[in-house]
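Now for the letters of each chain:
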Amino acid sequence: MAGEIRLAGVRKTFGKVEAVKDLDLLVQEAEFLVLLGPSGCGKTTTLRCIAGLERVDKGKVFIGGRDVTELPPAKRGIAMVFQSYAVFPHMTVEKNIGFGLRMRHLPKEEIKKAVREVAELLQIGELLDRYPSQLSGGQRQRVAVARAIVMKPDVLLMDEPLSNLDALLRLQMRAELKRLHREVGTTTVYVTHDQIEALSLGDRIAVMREGEIVQLDTPNEVYDKPATVFVGGFIGTPPMNFLSAQVRSRDERVYLAVGDFPVEVHAEWEGKLRDMVGKTLILGIRAENIEVRPTAEEGALPAQLIVAEPLGPQQLLTVQVDRDILKVATSPDLSAQPGQTIGLVLTKEKIRLFSEETEKALKLE
């Protein structure tokens, strides 16, 4: 288990600011874990604590079962790839990739073989004789990744490595990193504020807020079943919609009232919701889980169309329901004008309910 990472009660403060708050985390060997969150949430500080670039104020850091809390980065069996490419401008690609191996005084032929193997893996074999100034941003980032991978580290740490690339290059590099991890299998911790990167790359995602992990789960679970309103509102493009809904009952059936409109709930939830009749909850639902009707017909939640944005294969509608603003994904064929009243049908199986007081998801299953 050389690549397993464990943080036990790790705390890091900067003056009066608690950047990381008594964090417990286990990263399995060969796992690709993404630390995701907004600026200032503690994700980069957590990564730097793992790397040894920040000294922890409290707690322990273990890599491969070893307590590395007091060890310098060079003795932790890690490699890092940063947001800046950090390649040496005066060295060729070959010399950049092989730099760490030369520092280990390995035989020249062994270095050359290892460099060529990793260059082929990252599809930059034909660039070995070039200098960084002759490379594109994506190629320079591949060189930085190759330089880390060639060291065969137990752990690879990546701090927003794609943020300097344009949208198309980011798309290509995400696929490259995913393929690379599948082939190499190095334990990887990846920091990003981009939730598309997190969803596409991670085996698991740790969503962070104010120095704490608020949800740690697979991408599908984090997207489909957010643990809090914050997670639902941070993950997804567009983010999850939220509506104020009161629990009511009629004819012994429990339902949710959005304004005065009744919304049917999952039959399995009725038993637990029965004890909450009269209580106001937060109803969460994704844009793609709302069906749009051109008119406010019976059984559809009436909504006023504010803006329609054509996005190629779909259009994104901004609508108002009571006092809440929602984003709804629908077919590009729907013809409706701003100010028009349309109807919304919520997929009841995809509704998520949260406490109004704590903003945490209710456990209804």
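## A short note on helix 1 (residues 43-51)
In step 1: Most of helix 1 is tucked away, with 7 of its 9 residues classed as buried.
In step 2: Taken as a whole, helix 1 has its buried residues at Lys43, Thr45, Thr46, Leu47, Cys49, Ile50 and Ala51.
In step 3: Just beyond helix 1, the residue with positive phi is Gly52, at close to 90°.

## Quick look at the packing of helix 2 (residues 93-103) against helix 3 (residues 108-121)
In step 1: Put simply, helix 2 and helix 3 touch, their axes get as near as 9 Å, and they point 130° apart. The angle between helix 2 and helix 3 falls in the class oblique. Handedness of the crossing formed by helix 2 with helix 3: right-handed. Contact with helix 2, carried on its side by Glu94, Ile97, Gly98, Leu101 and Arg102, involves Ile111, Lys112, Ala114, Val115, Val118 and Ala119 of helix 3 and no other residues of that element.
In step 2: When its residues are assigned to classes, the contact of helix 2 with helix 3 shows 7 nonpolar, 1 polar and 3 charged.

## A few points about unusual backbone geometry
In step 1: Of note, the bond from Thr237 into Pro238 is cis; its omega dihedral lies within 30 degrees of zero at 0°.
In step 2: By the element assignment, Pro238 lies in the loop between helix 8 (229-234) and strand 11 (241-250).
In step 3: One non-glycine residue, Gln123, adopts positive backbone phi at about 60°.
In step 4: By the element assignment, Gln123 lies in the loop between helix 3 and helix 4 (137-149).

## Quick notes on the sheet that holds strand 14 (residues 280-285)
In step 1: Taken together, the 5 strands give an open sheet; going across it, the order is 13-12-11-14-20, and neighbouring strands pair in antiparallel fashion. In the strand order of this sheet, the two ends are held by strand 13 (261-264) and strand 20 (352-355), each with one partner. With direction set aside, neighbouring strand axes in the sheet form an average angle of 45°.
In step 2: Inspection of the sheet shows strand 12 (residues 253-258) paired to strand 13 by 4 bridges, in the antiparallel sense. The residue of strand 13 that forms the bridge with Leu256 is Val263.

## Some points on the side chain of Glu197
In step 1: Locating Glu197 in the fold gives a position in helix 6 (residues 195-201).
In step 2: One buried charged side chain, Glu197, makes no salt bridge at all; its nearest oppositely charged neighbour is Arg170, positioned 4.5 Å away.
In step 3: At a separation of 2.7 Å, a polar atom in the side chain of Glu197 contacts the side chain of Tyr190.
In step 4: In this structure, Glu197 is in contact with Leu162, Arg170, Arg174, Tyr190, Thr192 and Gly202, ignoring residues within four places of it in sequence.

## Some remarks on the sheet that holds strand 16 (residues 301-310)
In step 1: Reading across from one edge, 15-19-16-17-18 is the order of the 5 strands in this open sheet, with antiparallel pairing throughout. The two strands at the open ends of the sheet, each matched to only one other strand, are strand 15 (290-293) and strand 18 (324-330). Put simply, the sheet's adjacent strands are angled 45° from each other on average, direction ignored.
In step 2: Pairing geometry for strand 16 and strand 17 (residues 315-321), over 6 bridges, is antiparallel. The residue bridging Glu309 from the neighbouring strand is Leu316, located in strand 17.

## Observations regarding a nonpolar patch on the surface
In step 1: Together, Ile306, Val307 and Ile325 make up an exposed nonpolar region whose accessible area comes to about 220 Å².
In step 2: With respect to the secondary-structure elements, Val307 resides in strand 16.

## Comments concerning the packing of helix 4 against helix 5 (residues 167-184)
In step 1: At a minimum axis separation of 11 Å, helix 4 and helix 5 run at an interaxial angle of 20°. One element, helix 4, and the other, helix 5, form an angle in the roughly parallel class. In this structure, the crossing between helix 4 and helix 5 has a hand that is right-handed. Note on element contacts: helix 5 touches helix 4 through Leu169, Met173, Glu176, Leu177, Leu180 and Val184, opposite Gly138, Gln141, Arg142, Val145 and Ile149.
In step 2: Split by residue class, the contact of helix 4 with helix 5 holds 7 nonpolar, 2 polar and 2 charged.

## Things to note about the state of the cysteines
In step 1: Evaluation of the coordinates by the stated rule reveals 0 disulfides.
In step 2: Of all cysteine sulfurs, the one in Cys49 lies closest to Cys41, which takes part in no disulfide; the gap is 13 Å.
In step 3: Using a relative accessible area of 1% as the deciding quantity, one classes Cys49 as buried.

## A word on the nonpolar core
In step 1: Ranked by size, the top nonpolar core spans 46 residues in total, and within it Ile97, Ile124, Val145 and Tyr190 carry the most contacts.
In step 2: Those residues in contact with Ile97, other than ones at most four positions away along the chain, are Val115, Val118, Ala119, Ile124, Leu128, Val143, Ala146, Arg147 and Val150.
In step 3: Ala303, Leu326, Leu334 and Leu344 belong to the second largest nonpolar core, which has 31 residues in total.

## Side note on helix 3
In step 1: Between its first and last C-alpha, helix 3 extends 20 Å over 14 residues, near the 20 Å set by a 1.5 Å rise per residue.
In step 2: Among the residues making up helix 3, those that are buried are Ile111, Val115, Val118, Ala119 and Leu121. Considered in projection along helix 3, the buried side chains sweep an arc of 155° and stay on one side of the axis. Facing away from the buried side of helix 3, by more than 90 degrees, are the exposed residues Glu109, Lys113 and Glu120.
In step 3: Elements in contact with the buried residues of helix 3: helix 2, helix 4 and helix 5.
In step 4: Note on helix 3: the residue one or two positions beyond its end, Gln123, has a positive phi of about 60°.

Cut-offs applied
Residues numbered from 1 in each chain as written. Predicted model: local features only at pLDDT ≥ 70, side-chain atom pairs only at ≥ 80, totals over all residues. Heavy atoms only, no water. Buried < 20%, exposed > 50% of the residue type's maximum accessible area, 1.4 Å probe, protein only. Helix = DSSP H or I, 4+ residues; strand = E, 2+ residues; numbered from the N terminus. Axes fitted to C-alpha atoms, helices over the stretch in contact; angles between N-to-C directions. Parallel < 35°, antiparallel > 145°, perpendicular 65-115°, else oblique. Left-handed = near helix turned anticlockwise from the far one by under 90°. Contact = heavy atoms within 4.5 Å. Nonpolar A, V, L, I, M, F, W, Y, C, P; charged D, E, K, R; others polar. Pairing = 2+ DSSP bridges. Lys, Arg positive; Asp, Glu negative; His and termini not counted. Salt bridge = Lys/Arg side-chain N within 4 Å of Asp/Glu carboxyl O. Polar contact = N/O pair within 3.5 Å; in protein donor to acceptor, adjacent residues only side chain to side chain. Patch = residues over 30% accessible without salt bridge, like charges linked within 9 Å, V, L, I, M, F, W, Y side chains within 5 Å. Areas by Shrake-Rupley, 256 points an atom, 1.4 Å probe, with all protein chains shown as cover. Disulfide = S-S within 2.5 Å. Core = buried A, V, L, I, M, F, W, Y, C linked by side-chain atoms within 4.5 Å. Expected span 1.5 Å × (residues − 1). Arc of directions from axis to C-beta.

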